[in-house]
Structures are given as structure tokens and as C-alpha cells.
Amino acid sequence: MTTLSLPVAPSSRRPRLQPGGLQRVALVGNPNAGKTTLFNALTGLRAKTSNFPGTTVEKRQGQLTLSHGPVSVIDLPGLYSLDAATQEEQVARDALLGRLSDEQTPDAAILVLDATNLDRNLFLASQVLPLEVPTVVALTMVDAAQRGGITLDLPKLSTELGCPVVPVNAPKNEGVEALRSALEGIVAAPATPKITNELAECGTCSGCPFSARYDWAESVGSGCASQPGESMGRTTERLDRVLTHKRVGVLLFALVMLVVFWMIFSIAQHPMGWIETLFGTVGGAVASVMPAGGVWDDATSLLVDGVIGGVGGMLVFLPQIAILFFFIALLEDSGYLARAAFVMDRLMHRVGLPGKSFVPLLSAHACALPAIMSTRVIENKRDRLVTILVAPLMTCSARVPVYALIVALLFADRPWLASLTFAGAYALGVVAALVMAVLFKRTILRGDTDPTVIELPNYRWPSLRNALSLTLDRCWIFIKKAGTIILVISVVLWAMATYPKTDAPAEAVALETQAAQVEAEGNPAAAEAMRAEAEHLTNQNALDHSIAGRIGNFIEPVFAPLGFDERISIGVFTSFAAREVIVSTLAVLYGVGEDAAEDDATMRETLLAAKRDDGTPVFTLATCLSLLVFYVLAMQCLPTQAVTKRETGSWGWAGFQLAYMTVLAYSAALVTYQVASLWA
Amino acid sequence: MAGPETPTDSGDPTPTPPADPDRASRPGTPAVLDPHAPGCLDLEAKPLSTLPPMKVAVIERVDEEHDHADRLKALGLCVGRKLQVVKTGDPLIVRVLGSRLGLSARLAERVFVAPCMNSGQPPEAGPALTAAQTDESKTEINPA
């Protein structure tokens with residue numbers, strides 16, 4: 001029987017699909033319907049991720065082998081309707097209608113419907129089927145539905161929808177084979193969708209009442225699936241009573257994130273150490289193999305310090321990115337992330353951001369890169385942009401060595417004050433981010449925060465395969481998109497810190513001669529010390545006279561009101577691409593030697609002893625505080641800029657982010673220095 | 001994979017969603033109440049945000065500007081749908097179309113619903129008043 005008779009108006013806008021002509025299949029379905037799991041089961045872990053041309057909507061593409069050859073599978077964004085209200089919906093609609101370029105137009109569609117939630121999923125079906133793309137329905141979560149006491153009438157559903165319905169259990173690879181033959185089947189005999197005209201017209205005007213569609217969805221749903229038994233969703237209900245509680249829910253979420261962070265910091269440091277060691281070793285090996293003298297020295301330096309150092313400096317971020325995304329994927333897949341957004345919603349609204357901004361902003365405390373990449377969950381474009389803009393203000397792990405150095409300079413022997421200063425730096429980052437968020441929402445990105453409407457799907461065991469696939473994806477995107485830019489700038493900065501070359505200073509030459517004498521007198525230890533001193537002097541002199549050093553010297557007047565001397569100014573410049581570089585630059589410039597930067601005590605004593613030309617110490621309380629504030633707030637991270645460009649689709653926003661953070665950091669450091677100088 | 005024949009309406013000529021008393025009496029699931037059935041709905045529509053927990057109601061109108069209304073509609077908060085409040089507060093949780101939605105109170109204030117007098121009970125006789133009667137689109141689902 002037909003639940004609702006809706007007239008069919010066959011129109012053949014599309015050329016009829018020839019056998020063997022199937023080249024592209026689009027996967028379309030609600031979020032949480034198991035689309036990603038099915039995509040991974042169909043294509044394996046070899047998906048390519050890119051953006052739909054001209055948008056920031058992500059497109060995953062993989063390959064599926066049918067009898068006539070490989071077919072490309074396009075994973076359209078998860079959506080509830082095709083009404084073109086969001087960019088995702090617009091893109092999905094355009095793709096299905098063949099309005100994108102030819103390479104993007106699917107010949108057929110796999111419509112993913114969640115058997116446990118048929119009524120809601122069928123609403124999307126009411127919009128997809130009238131588009132007359134040959135469609136196969138993949139019914140997911142059939143086992144969960146049966147466990148929940150839902151009996152399904154698949155032949156009837158197939159009749160109602162006018163297309164083949166294949167039950168699949170993607171995590172176990174069940175039904176994938178049947179789905180393949182069904183796809184081949186529709187090529188041979190395309191089914192006619194049963195609903196068209198009225199509902200199809202309804203979809204073209206967004207103001208049209210949705211009721212007819214929902215009535216259709218509900219009647220087909222209740223006709224083809226029985227109501228769930230009492231046990232269905234009971235676990236979810238029980239969990240939600242606790243997890244969505246106003247206070248307990250927030251507390252538990254804090255606990256969950258604490259564990260995730262602990263994992264990031266405790267696990268990531270090992271691979272980060274390996275990466276650093278590996279690149280150090282490779283650099284050393286290359287340096288020892290390369291011939292010495294003249295141009296070769298430059299080439300060695302370029303390879304070792306510029307290229308290998310640059311690649312290493314980029315890859316060292318990967319462990320954190322990977323671990324954070326892995327856990328976020330698990331949390332999202334389990335259904336918990338929706339609850340997290342739910343409980344944080346009210347708090348986040350106070351700064352004009354939706355609850356979904358919370359996880360990215362929190363993640364930024366590990367690293368701004370994955371944080372910015374994870375803002376895609378925020379539907380509203382303005383809210384997403386604000387989140388991206390303020391995320392780098394949060395104290396990421398690369399700031400920790402800088403904080404550690406400054407705090408050690410200030411309060412090495414007063415642990416309480418030291419911890420307070422450290423905590424204060426973190427707090428300053430958070431406060432600055434929230435204040436800036438409010439400011440942006442009131443000025444350039446004005447507009448109400450989208451009030452939250454979020455589906456709270458049933459909890460389920462997260463899929464390791466999905467999490468791994470997402471993690472691999474994000475890492476590749478980072479390496480491909482951000483990596484190349486970072487590498488180029490690393491080489492440029494290397495060149496600026498290396499050229500023009502200068503001869504070793506007279507003192508260094510004298511020391512070398514002296515060292516040779518001392519060695520001849522039978523005191524190799526003293527000679528070694530002198531050589532090291534000579535090398536420090538040479539490096540110091542070289543950096544001081546390089547382009548970077550000259551620029552640092554040139555911009556020194558700009559930073560003088562902040563209490564920075566010319567060496568700190570050079571450090572600010574060289575750490576433009578990666579903030580932690582300031583530590584090694586200061587080590588070189590103050591003649592500690594790069595290796596000693598690891599040794600806190602030596603570094604600290606040398607820096608504290610450093611004097612300005614007029615004999616006053618460089619690192620006074622005021623200068624230290626000002627430097628700390630500057631590094632809390634300044635951008636000083638090139639990878640972040642590259643990722644912001646990718647996620648916003650424009651260098652404009654990346655440039656704006658750099659500009660506002662620099663102005664903010666400068667002004668705050670200026671105020672800090674001036675006020676602190678008055679007091680001291 | 002096909003389950004046994006569903007107990008509901010195979011061969012049943014009535015095209016409207018069935019008012020199945022078995023469903024309606026089950027706790028935790030929104031009672032499927034026929035909006036056309038008499039006596040089900042309260043006379044006065046009130047904001048969703050004022051509904052007590054577990055109350056079942058039918059959406060009568062949504063006073064929201066364009067883009068938010070679209071988001072609501074896409075998730076099933078649309079005229080004529082039945083919903084049940086699972087958790088009150090801000091944001092609140094409603095069950096609609098078989099799944100749970102988190103909804104900020106600001107939006108819930110703009111969704112006007114006609115509460116069912118006997119939530120969880122089969123509809124009883126009473127004054128015929130439904131939200132759906134004022135909605136033209138409803139005419140489509142009348143028995144053809």
C-alpha cells in the first residue's frame with residue numbers, strides 16, 4: 001500500500017546511465033547515520049580529502065571496485081536536509097544536481113539511512129529521491145534496531161522508496177558486497193523514485209512548510225518499521241541524565257578533557273623526542289658526509305639547518321595533532337561530543353560563541369593547529385571565524401619553553417611565585433581570547449550567535465577504524481597544505497639568519513690561537529673550553545651581522561618602549577615562524593651557545609648577567625614581564641597562519657589574525673613594561 | 001534482513017499516522033497522537049520552554065526569523081510535529097521524530113506548542129481543536 005500518494009512526474013534531465021558508465025557515486029545521509037563508517041568500509045583507508053572547489057566544505061573521495069572497474073566514491077557532507085541553508089547543504093545539493101563541474105557530478109547515489117531513526121532519516125530521503133539520481137539505499141544500524149526490538153519490513157521500504165534497500169553492517173563489512181551488486185543493478189535498470197513532483201517542488205522553496213515531507217517520512221517510517229521496544233535508547237537516557245546535567249555534566253566534561261590532555265602531553269612527548277632526535281641525527285649525518293669548505297659549507301648549512309631543521313620543526317607538531325584528533329574522533333563517534341557542546345552551550349553563549357566552540361578552544365591549549373582544523377563542526381560561519389581568530393591566544397605547548405625561561409629568570413628560587421606567574425600567563429591567554437571573541441562578535445563579525453539546535457544521537461561504541469582514518473587524514477592535510485609553506489619560510493628565515501656572512505671576530509681568532517697554544521702545553525680541557533668560547537663569539541657575531549640581526553637591530557627602537565634590547569628584538573624576529581626559537585636565539589646572541597639553551601642554570605646565569613650598553617641589567621623584572629606578556633599574546637607561529645589560510649580560504653583572515661595579535665601583544669607588553677618600570 | 005510483517009497498518013486504508021494506543025502508552029517514546037483526533041490538545045498554545053518534563057505536545061507555530069527557522073525545520077521542529085520534553089532548562093532536550101535534540105531556551109521560547117492534555121494516554125473525546133487545522137499543508141494528508 002502507499003501511505004501517501006504523491007504524483008510522479010518523470011522528467012529526464014539526466015542522460016540515462018549506460019551499463020559500465022558508472023564512474024562516480026555520492027554518499028549522502030544524515031550526520032550520525034554511519035556514513036563515514038560505510039565510506040571507510042567501501043573504500044578502505046585510502047581516501048583523499050580536499051575541499052569542494054571554491055568552498056571550505058570538505059570532500060572525501062575514495063575508490064570502490066565494481067565489476068566494470070573502479071568507481072570513485074564521494075562522501076558528501078552529513079546533512080539533515082537539502083534546503084541550501086548552510087554551505088554544506090548547498091554543496092551537497094549542487095553536487096547531486098550536477099551543478100558542480102563534470103568531475104564532481106555523481107552518476108548514482110548511496111542514500112544512507114539509520115534503521116534506528118528511520119523517521120528522521122526519511123526526511124532527507126524525501127528530498128534526495130526526487131532529484132532522480134539513480135539511488136540505492138544503504139540501511140545502517142540494522143543490528144542495533146533489532147536489538148532495540150524494531151522489526152523492519154525491507155521489501156515494503158524498497159517499494160515505498162522505489163529503490164533497492166540493502167541492509168549493511170559496515171563495521172563488520174556485512175552487506176557491502178550486496179551494496180556493490182545493487183549499485184551494478186541500478187545501472188542496468190534504474191529504479192524510478194516513487195515520490196517526486198509535490199515534494200520535489202516543496203524542496204525548491206525554503207519557505208514552504210516541511211509538514212508534507214515529515215508526514216510522508218513518518219508514515220513510511222511507521223509503515224516499514226515497528227516502534228522500538230522499551231529497552232531502545234534506555235542506556236542513552238540513563239547516561240544523559242548524568243552527562244547532560246547542568247553542573248555534573250560540565251564537571252565530567254572537564255574530567256574527560258583533562259584525561260585527553262594528559263594523554264596528549266604524556267604520549268606525544270615520546271614521538272616528539274624521537275622526531276627531534278631523528279632529524280638531529282640525520283642532520284649530523286648529512287653534515288659529516290658533505291664536503292667542507294667554501295660553497296659547500298653554505299650548502300651543508302642550507303640542508304642541515306634550513307631544510308632538515310625546517311622539516312623537523314614542522315613534523316614535530318604531528319604527534320600532538322594526531323593524538324588530539326584521534327581522541328576527538330572517538331568522542332565524536334561515541335556521541336559524547338554532542339553532549340559536551342550541549343553542556344557548554346550556556347557558558348559559551350556569554351562570550352557570544354556556541355557550545356561547539358569549546359572543544360576547539362580547549363584543544364588550542366595543546367596546539368592551535370588541530371584546534372583550528374577542528375572548528376569545522378561549527379555551522380555558523382561567523383562563529384567559526386571568531387573561534388579560529390582567537391584560538392591561537394590560548395597557551396599552546398610551544399609557549400611553555402618560553403614561559404619556563406622567563407619565569408626562571410624572574411623567580412627561580414621562589415617556586416610559589418614562579419607557579420603563580422606560569423598560571424597567570426595561561427589565564428592571560430584565556431581571558432584575552434574570550435575578550436577578543438566578545439569584541440569581534442560586537443564589531444567586525446557582528447551577529448547573534450546561532451542558538452543551539454543539536455541532535456543528541458544514541459551513544460555507541462566508537463569505531464577505531466574511523467578514528468584512525470580521520471587522524472591520518474588530518475595529518476596529511478597538515479603536511480601537504482601547511483608543510484610546504486612552513487618549509488619555504490624556514491629556508492627564508494635560515495637565509496636571513498645566515499647571510500651576509502662575516503669573518504670571525506678578532507677575539508674569537510685570538511682565542512683559537514690561544515687554544516692551540518694551551519693544547520700544545522698539554523691542557524686539552526682548557527683548550528676545548530676556549531674553542532667553545534670562540535665558537536660562541538663567532539656565532540654571536542654572525543647572527544648579529546646577518547639580515548635577521550640587522551633587521552632586529554633596525555626594529556630595536558620599535559621594541560625599546562617594551563624594554564627589549566636589540567638582541568631580544570632579533571629574537572622576536574627570528575621566532576616569527578616558531579615562537580620557541582626565541583630561546584635558542586637568545587642563547588646564541590648572549591653567547592651561551594645553542595646547546596646550553598637546554599641547560600637552564602647556565603642560560604639563566606648568563607642572561608641575568610647580561611648588561612645593556614649603559615651597564616644596567618637587560619633582564620629586569622619589567623622587561624621579563626613585558627616579554628612574557630608579549631609571548632602570551634603574539635602570533636609568532638607560521639604553521640597556524642598556514643592552517644588559518646586553509647580553513648578560512650583566504651590569506652586575508654590569516655593576515656588579520658597576525659595583525660591583531662601583534663598589535664594586542666605590543667600594546668599589552670608596552671603597558672606592562674611602563675607600569676612595571678614605575679613600580680620597580 | 002526483513003523482519004516479520006509489522007503489526008501496524010499493512011492493508012489499512014487510513015493514510016494518516018495511526019493513533020496506536022500501544023505506542024502512546026509506552027513511556028519514553030513520544031505518544032503518537034493524531035493531531036486531528038478530538039480532545040487531545042490544550043486550547044492555548046504556549047512556548048515550548050514552559051512545558052514540563054515528559055509532556056507531549058504538537059507544534060503550532062514557530063516565530064523565528066528565516067535562517068533559524070530553517071535549521072529548526074530541518075531537524076523536525078516544524079508545524080504539526082509531535083514532540084516530548086525530556087529535560088527542561090537551558091538548553092533543554094526534546095524528543096522529536098524519534099531522536100533527541102538539544103535546543104537552547106532562546107529558540108524554545110519561539111516555538112509555540114499545544115500540549116496534549118493527557119500526555120502518554122490515548123486521545124479522548126473532547127472539543128475538536130488542533131493546531132494542524134490552521135495549516136494548509138495538512139490537507140494533503142487527508143484520505144484521498
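The structure under discussion appears in the preceding block.
All of these numbers come straight from a predicted model, not from anything done at the bench. (Residues numbered from 1 in each chain as written. Chains lettered and ligands numbered in written order. Predicted model: local features only at pLDDT ≥ 70, side-chain atom pairs only at ≥ 80, totals over all residues. Heavy atoms only, no water.)

Turning to the pattern of salt bridges, a few remarks are in order. Pairing is possible between side chains of opposite charge, provided their charged atoms come close. All names here are of chain A. Under the definition given, this model contains 24 salt bridges over all chains. We note a salt bridge from Lys-356 to Glu-379, for which the minimum N-O separation is 2.8 Å. Linking Lys-356 in the loop between α13 (336-349) and α14 (358-363) with Glu-379 in the loop between α15 (368-373) and α16 (381-390), this pair joins segments that are 23 residues apart in sequence. For Glu-379, a relative accessible area of 41% translates into the label partly exposed. What emerges from the salt-bridge pattern is a single network uniting Glu-58, Arg-376, Arg-384, Arg-474, Arg-646 and Glu-647. (Salt bridge = Lys/Arg side-chain N within 4 Å of Asp/Glu carboxyl O. Helix = DSSP H or I, 4+ residues; strand = E, 2+ residues; numbered from the N terminus. Buried < 20%, exposed > 50% of the residue type's maximum accessible area, 1.4 Å probe, protein only.)

Residues and elements named next belong to chain A. One can describe the packing of α16 onto helix α28 (residues 651-679) by two numbers: an axis separation of 10 Å at closest approach and a directional angle of 45°. Considering the angle they form, α16 stands oblique to α28. Note on packing geometry: the crossing formed by α16 with α28 is right-handed. For the pair α16 and α28, contact is made by Leu-385, Ile-388, Leu-389 and Val-390 and by Trp-653, Phe-656, Gln-657 and Tyr-660, respectively. Considering only residue class, the contact of α16 with α28 consists of seven nonpolar, one polar and no charged. (Axes fitted to C-alpha atoms, helices over the stretch in contact; angles between N-to-C directions. Parallel < 35°, antiparallel > 145°, perpendicular 65-115°, else oblique. Left-handed = near helix turned anticlockwise from the far one by under 90°. Contact = heavy atoms within 4.5 Å. Nonpolar A, V, L, I, M, F, W, Y, C, P; charged D, E, K, R; others polar.)

Residue and element names in this part refer to chain A. Among the nonpolar cores identified, the biggest contains 114 residues, and Phe-478, Ile-568, Phe-619 and Phe-630 are the most heavily contacted of them. Here this core gets ten residues from one element, more than from any other, and that element is helix α12 (residues 318-334). When sequence neighbours within four positions are dropped, the list of residues in contact with Phe-630 reads Phe-559, Leu-562, Phe-564, Val-572, Ala-665, Tyr-666 and Ala-669. In terms of nonpolar packing, the next biggest core, distinct from the first, is built from 46 residues, Ala-115, Leu-161, Ala-217 and Ala-225 among them. (Core = buried A, V, L, I, M, F, W, Y, C linked by side-chain atoms within 4.5 Å.)

Quick look at the packing of aromatic side chains now. Residue and element names in this part refer to chain A. All told, the structure shown has 17 aromatic pairs over all chains when counted by the stated rule. Look at Tyr-403 and Phe-422: their rings are 5.8 Å apart centre to centre, the planes differ by 75°, and that puts the pair in the edge-to-face class. Here the residue Tyr-403 occupies a position in helix α17 (residues 400-411), and Phe-422 occupies one in helix α18 (residues 415-442), the gap between them amounting to 19 residues. A centroid spacing of 5.7 Å and a plane angle of 15° characterise the contact between Phe-559 and Phe-564, whose relative ring orientation is stacked. By the burial criterion, Phe-559 is buried, and Phe-564 matches it. Among the aromatic residues, those joined into a ring-pair cluster are Phe-559, Phe-564, Phe-630, Tyr-631 and Tyr-666. If you follow Arg-339 out to its NZ or CZ, it ends over the ring of Tyr-459, 4.1 Å from the centre. (Phe/Tyr/Trp six-rings, centres within 6.5 Å; stacked < 30°, edge-to-face > 60°. Lys NZ or Arg CZ within 6 Å of the ring centre and 35° of its normal.)

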